Amino acid sequence: MAFSSTDRRHGLLPSSLYSTAAAAALRRASAQPEVSRSVELPATSALVPARNGLDLARRVGFAGISGSSTSASSGSSSVSRSSSGTGSRFFVPAAAEGKGIAMHSPQFYAACTAGGILSCGLTHMAVTPLDLVKCNMQIDPVKYKSISSGFGVLYREQGFRGFFRGWAPTLIGYSGQGACKFGFYEYFKKLYSDLAGPEFSNKYRTLIYLAGSASAEVIADLALCPFEAVKVRVQTQPGFARGLLDGWPKYIAAEGYAGLYKGIGPLWGRQIPYTMMKFACFEKTVETLYKYVVPYPKDECSKRTQLGVSFAAGYIAGVFCAVVSHPADNLVSFLNNAKGATVAQAVEKMGIVALCTRGLPLRIVMVGTLTGLQWGIYDAFKVFVGLPTTGHVEKKVEKTD
């Protein structure tokens, strides 16, 4: 096919619709001083106008072109180049390119840490009224007999503002805990998987989940413990302090700096089993939902569906978390409220049955909702920064004869 360079028909279509060789020939022809000459163009289907939007997108390089390799640009340039054969192809990268985060890179762990801050800090602060009633039911069951009466007592004595007493130590403490919990969980999960090797880490991955979450929670509770101590004292002793700013120095004056970590043992006793159940049960529930409930493989589901699975799996895991960790939760509330009290004294005064059941229904509702929202927010943040949602899903391998 040939036509004169004075004929401007080729100018009616964007140059990206022509093959590289054709476009190069046109540019060489236009650069010549002669007024008219014939240009021999390679026979190619690229000169045919695009049939539809998908055809156009394929030609200009969106969503990857078969036979070409894409190179994600980390700079501000919106055009990428890839080599295929002897020629070069220029195309506009897809939206997901240029801003991806490599798995298990420092940026990956930073993103998981940020997601943990948002998921734990915001959700715990949001359920402060429930936590407030729960703590008071554990400390003074005669006055706070039930959930409904507990809210009534708080409203009569402290007004609407009383429902959010202790929100500041809750927000800061659980933000720090969430950062360490999720960030270190991803780190330890990768570390233990590498130590175990591909075969054993896949076969015994539940043990990897349990070990990784337990290791992360040991560190996370060191960040939470001082703020949890002040929070409980502010929430359960009216008149002690209005919040964190005045409650922190008052608590230190009464208990000393060591008193901030007086409840670290019971806190580990509550949080480590809770977190092990939270992560292991979540991961296994995700596997089960994609295997038996969701009709499509995970990689074929929309992000909205994947986030729905994350919330559902998180809520189910939260119910088990509440039951497993509730006795230690009662101990933490008792010790942080009673000056100089010991674990033995708490068990003796409360009794085993009350230790395991007092405030449990409310905590199941609170922790179930809390855990579901945490996983939803955490995975939504991961999706926002270009990472996959959490949860291992075994791909079905078809056997061929």
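Residues numbered from 1 in each chain as written. Predicted model: local features only at pLDDT ≥ 70, side-chain atom pairs only at ≥ 80, totals over all residues. Heavy atoms only, no water.

**Focus on the pattern of salt bridges**
To keep it simple, the criterion reads: Salt bridge criterion: a side-chain nitrogen from Lys or Arg within 4 Å of a carboxyl oxygen from Asp or Glu. What counts as a helix is a DSSP run of H or I of at least four residues, what counts as a strand is a run of E of at least two, and both are numbered from the N terminus. Here's how the labels work: a residue is buried when its accessible area is under 20% of the maximum for its type, exposed when over 50%, partly exposed in between, all with a 1.4 Å probe on protein chains only.
As enumerated under the stated definition, the model contains 18 salt bridges in all. Between Asp329 and Lys134 there is a salt bridge whose closest N-O contact spans 3.0 Å. Taken together, the residues span a long stretch of sequence, with Asp329 in helix 10 (residues 303-337) and Lys134 in helix 4 (residues 128-139) at a distance of 195 residues. With relative accessibility at 3%, the residue Lys134 sits in the buried group.

**Things to note about the state of the cysteines**
How we decide: A pair of sulfur atoms, both from cysteines and within 2.5 Å, is called a disulfide here.
One pass over the full model with this rule turns up zero disulfides. Unpaired in terms of disulfides, Cys281 finds its nearest cysteine sulfur in Cys321, a separation of 6.8 Å.

**Considerations on a nonpolar patch on the surface**
Here is the rule: The residues that make up patches have over 30% relative accessible area and no salt bridge, and they are joined within 9 Å when like-charged or within 5 Å when they are Val, Leu, Ile, Met, Phe, Trp or Tyr. To measure how exposed things are, a 1.4 Å probe is used in the Shrake-Rupley method; for residues, cover is taken only from the protein chains shown.
There is a patch of nonpolar side chains on the surface, built from Tyr155, Phe160, Phe164 and Trp167 and spanning about 480 Å² of accessible area. Among the secondary structure elements, Tyr155 is positioned in helix 5 (residues 147-158). Assessed through its relative accessible area of 52%, Tyr155 is described here as exposed.

**Some words on helix 5**
Three- or four-residue spacings in an α-helix give side chains the same orientation, since the helix completes a turn every 3.6 residues. Test applied: Helix span, as expected, comes to 1.5 Å for every residue beyond the first. In this description, one arc is meant: the one made by directions from the helix axis to the C-beta atoms.
If you check helix 5, its first and last C-alpha atoms are 16 Å apart, about what 12 residues at 1.5 Å a residue would give, namely 16 Å. Buried residues of helix 5: Gly150, Val153 and Leu154, and no others. Looking down the long axis of helix 5, one finds its buried residues gathered within 95° of arc, a one-sided arrangement. Exposed and oriented more than 90 degrees from the buried face of helix 5 are Ser148, Tyr155 and Arg156. Of the residues flanking the end of helix 5, it is Gly159, one or two places downstream, whose phi is positive at about 75°.

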